[in-house]
Amino acid sequence: DVKVTQSSRYLVKRTGEKVFLECVQDMDHENMFWYRQDPGLGLRLIYFSYDVKMKEKGDIPEGYSVSREKKERFSLILESASTNQTSMYLCASSLTQVNTEAFFGQGTRLTVV
Amino acid sequence: SQQGEEDPQALSIQEGENATMNCSYKTSINNLQWYRQNSGRGLVHLILIRSNEREKHSGRLRVTLDTSKKSSSLLITASRAADTASYFCVSSGGGADGLTFGKGTHLIIQP
């Protein structure tokens, strides 16, 4: 089975901190994605990557950056955390550039205080 | 990909009944996918239907695709309590782009 692992299930950070959310997949997938999910707003795409060192903005990239130095790892970075970034963050991966089935991690519930 | 719009936003039925959810999209597609999210198993892929297919089955799931109407439906037969979840559709043009989700249909199965 494909496994997508997010480094933390729950995280509490202070306003202004730099926050790293890590995601690792074990099936050599090309595509990786970061979403945030908020009540009433559904899943919103923050960034995605279709290859090492490549990144593309999603629908809500402001306040975030990403890093993909290795194929299996995709990191989401909150440069200066703010309370409006309190959310559930979901990482996903899929096999090829032509969109195929995506596999999701269990999510990281981030609270910024 | 493009954001699909699921309809209805919420659906409550009795256990054992069939549940039907609909999805509409705007531009031509390569494939359309359905996902389910519940608290226990997170977000999981259910089924993918390609643009040249009209119907696809997987267990108790039946998906139809009407490219002329730019719409898809997901039918869950003989519903169970474990089917209580949110269901999302994602349509894709086949290019290298992100998967965009709608707000989903929240399905509640009453015992």
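Note that this is a predicted model, so its numbers are computed, not measured.

Peer 1: Tell me what's going on with the overall build of chain B, and back it up with residues and numbers.
Peer 2: Looking only at helices and strands, chain B features zero helices and 11 strands. Ordered by position from N to C terminus, the α and β elements of chain B give β-β-β-β-β-β-β-β-β-β-β. Scaling as 2.2 N^0.38, a compact globule of 111 residues should have a C-alpha radius of gyration of about 13 Å, and chain B matches this with 13 Å. Counting over 111 residues, chain B shows a buried share of 48%. Taking all contacts inside chain B whose residues are at least 6 apart in sequence as the whole, residues at least 24 apart take part in 57%. Taken as a whole, chain B presents about 5,200 Å² of accessible surface, with 45% of it coming from carbon and sulfur. Taken together, the 12 basic and 10 acidic charged side chains of chain B have centroids lying 4 Å from each other.

Peer 1: I'd like a rundown of the sheet that holds strand β3 (residues 19-25) of chain A, residues and numbers included.
Peer 2: All names here are of chain A. Taken in spatial order, the four strands of this open sheet run β1-β3-β8-β7, and their pairing is antiparallel. Only two strands of the sheet have a single partner each, and these edge strands are β1 (4-6) and β7 (64-70). On average, adjacent strands in this sheet sit at an angle of 20° to one another, irrespective of strand direction. Relative to β3, β1 runs antiparallel, the two sharing three bridges. Bridge pairing in β3 links Gln 6 to Cys 23.

Peer 1: How would you sum up the state of the cysteines? Please name residues and give values.
Peer 2: Residues and elements named next belong to chain A. For the coordinates displayed, the defined rule picks out two disulfides over all chains. The disulfide bridge from Cys 23 ends at Cys 91, spanning 1.8 Å between sulfur atoms. In this structure, the disulfide formed by Cys 23 and Cys 91 twists by about -80° around the S-S bond and is classed as left-handed. Separated by 68 residues along the polypeptide, Cys 23 in strand β3 and Cys 91 in strand β9 (residues 87-94) bring together distant segments of the chain. The burial state of Cys 23 is the same as that of Cys 91; both residues are buried.

Peer 1: Before we move on, can you summarise the pairing of β9(A) with the specific residues and values?
Peer 2: Residue and element names in this part refer to chain A. Of all eight residues in β9, eight are buried, a share of seventy percent or more. Burial along β9 is two-sided: the face carrying Ser 87, Tyr 89, Cys 91 and Ser 93 and the face carrying Met 88, Leu 90, Ala 92 and Ser 94 are both buried. Pairing between β9 and strand β11 (residues 108-112): three bridges, direction antiparallel. In the sheet register, Ser 87 faces β11, and the bridge partner there is Leu 110.

Peer 1: Let's hear about the nonpolar core: which residues, and what values?
Peer 2: All names here are of chain B. In terms of nonpolar packing, the biggest core is built from 21 residues, with Leu 32, Trp 34, Leu 74, Ile 76, Tyr 87 and Leu 107 touching the most fellow members. Contributions of two or more residues to this core are made by β4 (19-24), β5 (31-38), β6 (42-50), β8 (61-66), β9 (71-76), β10 (85-92) and β11 (105-110). Setting aside chain neighbours within four positions, we find Trp 34 in contact with Met 21, Asn 22, Cys 23, His 45, Leu 46, Ile 47, Val 63, Ser 72, Ser 73, Leu 74, Phe 88 and Cys 89.

Peer 1: Break down the environment of Lys69(B) for me, citing the residues and quoting the values.
Peer 2: If you trace the backbone, Lys69(B) turns up in the loop between β8 and β9. Taking the C-alpha atoms as reference, Lys69(B) lies 15 Å from Asn31(B); in sequence the two are 38 residues apart.

Here is what the cut-offs are and how they apply
Residues numbered from 1 in each chain as written. Chains lettered and ligands numbered in written order. Predicted model: local features only at pLDDT ≥ 70, side-chain atom pairs only at ≥ 80, totals over all residues. Heavy atoms only, no water. Helix = DSSP H or I, 4+ residues; strand = E, 2+ residues; numbered from the N terminus. Rg over C-alpha atoms; globule rule 2.2 N^0.38 Å. Buried < 20%, exposed > 50% of the residue type's maximum accessible area, 1.4 Å probe, protein only. Contact = heavy atoms within 4.5 Å. Areas by Shrake-Rupley, 256 points an atom, 1.4 Å probe, with all protein chains shown as cover. Lys, Arg positive; Asp, Glu negative; His and termini not counted. Charge placed at Lys NZ, Arg CZ, Asp CG, Glu CD. Pairing = 2+ DSSP bridges. Axes fitted to C-alpha atoms, helices over the stretch in contact; angles between N-to-C directions. Disulfide = S-S within 2.5 Å. Core = buried A, V, L, I, M, F, W, Y, C linked by side-chain atoms within 4.5 Å.

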